[in-house]
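Reading the structure
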Amino acid sequence: MQSLRQAVCAIVHDEKAGKVACIHYANDSWSEIPAWTIPGGKVEEGERLDEAAARELREETGLVVAPEELRLVHTVQVKAGWDDKGPFLLSVFAATSWHGELTNTEPDKHLAVVWVATGALPTPMFPTSHTALTAYLTGDARGFSTHGWESAADPRALVGA
């Protein structure tokens with residue numbers, strides 16, 4: 001029996017400026033071209049989801065948020081993962097306060113880490129990131145969506161590509 005794989009992402013929302021932190025990823029198995037995403041990654045074995053989201057945020061952007069300050073805002077059930085190893089569950093957290101300056105802390109992986117306007121999300125974007133941001137920004141009360149279950153479309157197709 002395959003165990004459920006967990007991933008997390010953190011939406012950092014500067015409500016006053018109307019911006020969110022986004023990462024321009026140089027390469028990823030989701031796409032052969034650079035694509036936009038939000039900070040996130042895999043949950044380590046034995047790690048709490050909120051702690052994983054805070055860790056990934058810090059590692060990728062330099063922004064620091066205490067795990068207990070993160071709010072779970074959405075869940076995405078993904079049929080085919082980034083690594084062709086099957087499905088995973090993406091827990092989407094949000095923060096509206098943080099410490100530190102937005103920085104490209106992994107220049108070997110990221111072309112840029114920047115604030116983007118919530119009304120003009122960059123493309124192409126990883127489909128799960130687009131789903132998470134759109135649900136959060138529109139106040140999706142359901143709190144749940146899927147990716148790859150709806151059709152036979154390529155689960156790696158980028159939004160806006």
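For the structure given in this document, a descriptive report is provided here. (Residues numbered from 1 in each chain as written. Predicted model: local features only at pLDDT ≥ 70, side-chain atom pairs only at ≥ 80, totals over all residues. Heavy atoms only, no water.)

A word on the overall build of the protein
When helices and strands are tallied, the protein shows two helices and eight strands. N-terminal to C-terminal, the α/β element order of the protein is β-β-β-β-α-β-β-β-α-β. Across the 161 residues of the protein, 45% fall into the buried class. Here the contacts in the protein between residues at least 6 apart in sequence split such that 70% fall between residues at least 24 apart. For the protein, the computed accessible surface area is about 8200 Å², with 52% contributed by carbon and sulfur atoms. (Helix = DSSP H or I, 4+ residues; strand = E, 2+ residues; numbered from the N terminus. Buried < 20%, exposed > 50% of the residue type's maximum accessible area, 1.4 Å probe, protein only. Contact = heavy atoms within 4.5 Å. Areas by Shrake-Rupley, 256 points an atom, 1.4 Å probe, with all protein chains shown as cover.)

Side note on the pattern of salt bridges
Under the definition given, this model contains seven salt bridges. Across the pair Glu56 and Arg55 runs a salt bridge whose closest N-O atoms are separated by 3.1 Å. Assigned by exposure class, Glu56 and Arg55 land together as buried. (Salt bridge = Lys/Arg side-chain N within 4 Å of Asp/Glu carboxyl O.)

Re helix α2 (residues 127-137)
Owing to its 3.6 residues per turn, the α-helix brings residues three or four apart onto one side. All of the buried residues along α2 are Pro127, Thr128, Ser129, Ala132, Leu133, Ala135 and Tyr136. Against β1 (5-14), β2 (19-25), β3 (35-37), β5 (71-78), β6 (88-95) and β8 (144-147) lie the buried residues of α2.

A few points about the environment of Arg48
Of note, Arg48 is situated in the loop between β4 (40-42) and α1 (49-61). Of the residues examined, Arg48 reaches a relative accessible area of 44% and is grouped as partly exposed. For Arg48 and Pro67, which are 19 residues apart along the polypeptide, the C-alpha to C-alpha distance reads 9.1 Å.

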